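Given next are the chains, with one letter for each unit.
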Amino acid sequence: MSAFVGKYAEELIKNAKYIATPGKGILAADESTGTIGKRLSSISVENIESNRQALRQLLFTSPNALSYLSGVILFEETLYQKTSDGKPFVEVLEENNVIPGVKVDKGTVEIAGTNGETTTQGFDSLGARCQQYYKAGARFAKWRSVLKIGPNDPSELSIQQNAQGLARYAIICQENGLVPIVEPEVLTDGPHDIQKCAAVTETVLAAVYKALNEHHVLLEGTLLKPNMVTPGSDNPKVAPELVAQYTVTALRRTVPPAVPGIVFLSGGQSEEEATLNLDAMNKLQVLKPWTLSFSFGRALQQSTLKTWGGKKENVGKAQEAFLSRCKANSEATLGKYGGGSAGGLASESLFVKGYKY
Amino acid sequence: MSCFISKYADELAKNAAYIGTPGKGILAADESTGTIGKRLSSINVENIEENRRALRELLFTAPGVLQYLSGVILFEETLYQKTAAGKPFVDVLKEGGVLPGIKVDKGTVELNGTNGETFTQGLDGLAQRCQKYYEAGARFAKWRAVLKIGANEPTELAIQENANGLAMYAAICQQCGLVPIVEPEILVDGSHDIKKCADVTERVLAACYKALNDHHVMLEGTLLKPNMVTPGSESPKVAPEVIAEYTVRALQRTVPAAVPAIVFLSGGQSEEEATLNLNAMNKLQTKKPWSLSFSFGRALQQSTLKAWGGKEENLKKAQDALLVRCKANSEATLGTYKGDAKLGEGAAESLHVSNYKY
């Protein structure tokens with residue numbers, strides 16, 4: 001085959017398939033130190049290691065929440081952290097059948113000569129780092145590429161650079177036993193309509209899968225983390241059914257059936273919005289050869305964060321809020337979400353212009 | 001969407017989906033005048049228009065056959081021919097629930113500087129020709145690109161040129177109301193193993209679908225006509241189940257779900273071989289979001305041709321032979337073929353011709 005079938009091939013296929021289990025999804029808890037600092041400061045909590053540890057412990061030990069998750073993406077620091085009882089987070093996850101994953105990119109840098117377009121860095125010693133992460137218990141990785149829509153964007157250069165970058169990252173991961181989540185995020189920023197977002201998303205995904213083929217990536221051992229297809233942030237929202245239709249059409253036109261699962265990013269959507277859109281996609285009566293699930297960061301943690309406010313006495317309630325979102329999204333992956341698990345916080349938009357992790 | 005929405009969009013999607021109806025497939029009867037001449041001479045029949053017409057009438061009026069077909073690909077001459085009783089072939093097909101299609105390429109020419117690799121011509125005035133064919137009743141088209149496996153082949157040049165040619169042809173067809181069948185045939189010639197064929201097939205198909213995306217082709221209104229993934233002609237044969245596994249996997253890795261159907265070419269396979277392989281694919285328990293069917297030329301007509309021998313008194317025998325193959329392949333699209341088709345003379349005969357040119 002044109003795919004590289006290395007010593008980890010069967011394990012990669014098995015893990016990718018497990019992450020794509022219907023009824024489960026991914027918690028993206030891989031905010032870098034800088035980014036988690038912004039979250040913590042929004043609830044007036046100091047950005048020190050023990051607070052970062054406390055937040056993640058709150059999430060990972062939420063009673064029953066882990067049953068709705070197949071994976072959690074971690075930042076490097078978190079991969080080596082423990083509960084206050086001294087149990088490694090990785091073990092907490094593994095005991096609850098949740099696969100630990102790790103963010104391996106090192107952020108974006110601007111491409112000179114473009115209108116603020118970026119490429120993603122992180123290739124230096126990537127293979128060696130992946131080996132380390134595998135030893136520490138990680139079994140999947142994530143790398144975020146970013147594209148934006150504008151009158152002349154995304155440019156061919158940006159599309160090619162990001163697609164090639166994702167493909168190179170993906171094959172290095174597979175050589176070292178980590179299932180690569182391929183994330184080509186097309187930002188929602190802008191005044192464009194949903195058709196424009198669909199056109200760009202299709203063009204970008206086609207380029208990504210061409211690059212993956214060129215680099216001999218084993219598609220059965222990968223996952224895709226795309227944006228949903230929506231109108232730009234400057235435009236009025238549309239119904240979930242419309243988001244579902246445009247999104248699933250774009251994916252049917254570009255994502256080969258060999259990919260076991262698609263786990264959407266939430267972008268700036270509110271918790272409830274993201275869940276309703278995912279649910280609508282799974283209700284859509286059209287042939288979908290991959291499962292459609294979630295890999296949400298903000299859209300799983302927002303109410304939880306606010307409810308916690310950094311206070312020990314709020315942990316129980318915060319964990320309930322977290323469980324509620326996990327359950328709602330689990331139902332959405334089955335097209336069975338009834339709506340209404342939205343507290344006021346769950347409907348709050350999480351859109352931040354030019355969002356950087 | 002990144003695809004161009006032709007005014008024929010709904011019709012294209014409807015026709016493409018219809019051609020993919022489970023239980024049906026395509027009869028490729030689009031042999032050019034030169035090629036059909038070779039067939040006719042193999043049964044000692046003169047290559048004149050009347051004989052070409054008689055052969056096609058035999059095929060299209062064979063009792064019980066049209067129910068197993070969703071489309072027939074015609075050569076330009078045939079599109080305008082009639083039965084002896086004066087009924088246009090196009091009407092015969094339509095009344096039988098079969099969509100007429102038309103070969104629109106003008107054969108291959110060598111790519112300079114390569115080791116005998118080719119690209120396909122036929123783009124000049126293609127839009128005008130397609131419009132004419134649409135008026136004459138055609139609703140789908142076919143264009144054959146050819147690649148070969150060798151020590152250094154297919155080259156990146158050959159892959160790009162052929163993928164690009166297919167994409168341009170497809171976009172033009174859609175603007176004119178014809179569903180384009182995209183055919184990137186990788187010849188079976190050679191001593192390579194099945195893994196090599198799979199590798200090349202995946203690379204070629206990936207390039208094709210990237211090109212189709214670049215050219216804004218609406219995938220829901222296209223069909224794919226690929227080779228099956230097999231060992232080279234000089235290598236030992238393998239079981240249908242192995243061919244099925246490698247072929248379907250190659251397609252899972254490259255063909256988006258938006259494509260409604262995949263209609264295999266038979267290459268040099270014998271009639272029975274082609275049917276058994278197609279059947280094995282449809283029995284395979286794995287993700288197949290497109291239907292898997294046939295677009296066979298030689299593998300549907302071989303025994304029929306031999307039974308006919310150009311003689312009117314053999315008409316019924318010949319038509320019976322065609323019915324046997326059509327029914328067998330129909331069952332193969334459903335994975336229910338039991339391998340019990342009455343084998344006509346030559347049904348198990350390999351139809352491989354080295355470096356085959358239509």
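Now for a look at the structure at hand. Worth saying up front: this structure is predicted, and the values here are computed from it rather than measured.

1. What to know about the overall build of chain A
Scanning chain A from N- to C-terminus turns up twelve helices and ten strands. Compactness check: chain A gives a C-alpha radius of gyration of 19 Å against a globular reference of 21 Å for 357 residues, within 12% of the reference. Overall, chain A is about 50 × 50 × 40 Å in size when its C-alpha atoms are taken along their principal axes. In chain A, which comprises 357 residues, the proportion classed as buried is 62%. Look at the contacts in chain A between residues 6 or more apart in sequence, and 81% of them connect residues 24 or more apart. Of the roughly 13,100 Å² that chain A leaves accessible, carbon and sulfur atoms contribute 52%. Across chain A, 37 positive and 36 negative side-chain charges occur, with their mean positions spaced 2 Å apart.

2. With respect to the pairing of strand 2 (residues 69-74) of chain B
All names here are of chain B. With respect to burial, strand 2 is a largely interior element, six of its six residues being buried. By the bridge criterion, five bridges tie strand 1 (residues 25-29) to strand 2 in an arrangement that is parallel. When the sheet's bridge partners are listed, Gly 25 is paired in strand 2 with Leu 69. The pairing of strand 2 with strand 3 (residues 99-103) spans four bridges and is parallel. Paired with Gly 71 across the two strands is Leu 99, which belongs to strand 3.

3. Observations concerning the interface of chain A and chain B
Taken residue by residue, the interface counts 27 residues in chain A and 27 residues in chain B. When chain A packs against chain B, close to 2,300 Å² is buried across both sides, 58% of that on carbon and sulfur atoms. If you look at where chain A meets chain B, you find two salt bridges. Between B:Arg253 and A:Glu220 there is a salt bridge, and its shortest N-O distance comes to 2.9 Å. The set of elements that each furnish at least two residues to the side of chain A that touches chain B consists of helix 8 (194-214) and helix 9 (240-252) of chain A. Counting residues per element, the side of chain A that touches chain B draws most heavily on helix 8 of chain A, which supplies nine residues.

4. Section: helix 6 (residues 126-135) of chain B
All names here are of chain B. By the burial criterion, the buried members of helix 6 are Leu 126, Arg 129, Cys 130, Tyr 133 and Tyr 134. Buried positions in helix 6, seen along its axis, are confined to an arc of 140° and lie on one side of it. Residues of helix 6 that are exposed and point over 90 degrees away from its buried face: Gln 128 and Glu 135. Considering only its buried residues, helix 6 is in contact with helix 1 (9-19), helix 4 (76-79), strand 3, strand 6 (140-147) and helix 7 (156-175). Just downstream of helix 6 lies Gly 137, where phi reads positive at about 115°.

5. Topic: unusual backbone geometry
Note that the residue after A:Asp153, namely A:Pro154, is joined by a cis bond; omega there is 0°. Among the structural elements, A:Pro154 can be located in the loop between strand 6 (140-147) and helix 7 (156-175). Here the bond from B:Glu153 into B:Pro154 is cis, since omega is 0°, no more than 30 degrees from zero. One non-glycine residue, A:Ser125, lies in the positive phi region at around 55°. Of note, A:Ser125 is situated in the loop between strand 5 (118-120) and helix 6 (126-135).

6. What about the nonpolar core?
If you look at the biggest cluster of nonpolar residues, it comprises 115 residues, and the most contacted ones within it are B:Phe60, B:Leu69, B:Val72, B:Tyr169, B:Leu251, B:Val255 and B:Phe264. Ranked by the residues each element gives to this core, the list is headed by helix 8 (residues 194-214) of chain B, at eleven residues. Grouped together as the second largest cluster of nonpolar side chains are 103 residues, A:Ala29, A:Ile159, A:Val217 and A:Ile262 included.

What counts and how
Residues numbered from 1 in each chain as written. Chains lettered and ligands numbered in written order. Predicted model: local features only at pLDDT ≥ 70, side-chain atom pairs only at ≥ 80, totals over all residues. Heavy atoms only, no water. Helix = DSSP H or I, 4+ residues; strand = E, 2+ residues; numbered from the N terminus. Rg over C-alpha atoms; globule rule 2.2 N^0.38 Å. Buried < 20%, exposed > 50% of the residue type's maximum accessible area, 1.4 Å probe, protein only. Contact = heavy atoms within 4.5 Å. Areas by Shrake-Rupley, 256 points an atom, 1.4 Å probe, with all protein chains shown as cover. Lys, Arg positive; Asp, Glu negative; His and termini not counted. Charge placed at Lys NZ, Arg CZ, Asp CG, Glu CD. Pairing = 2+ DSSP bridges. Buried area = accessible area lost by both parts, 1.4 Å probe. Salt bridge = Lys/Arg side-chain N within 4 Å of Asp/Glu carboxyl O. Arc of directions from axis to C-beta. Core = buried A, V, L, I, M, F, W, Y, C linked by side-chain atoms within 4.5 Å.

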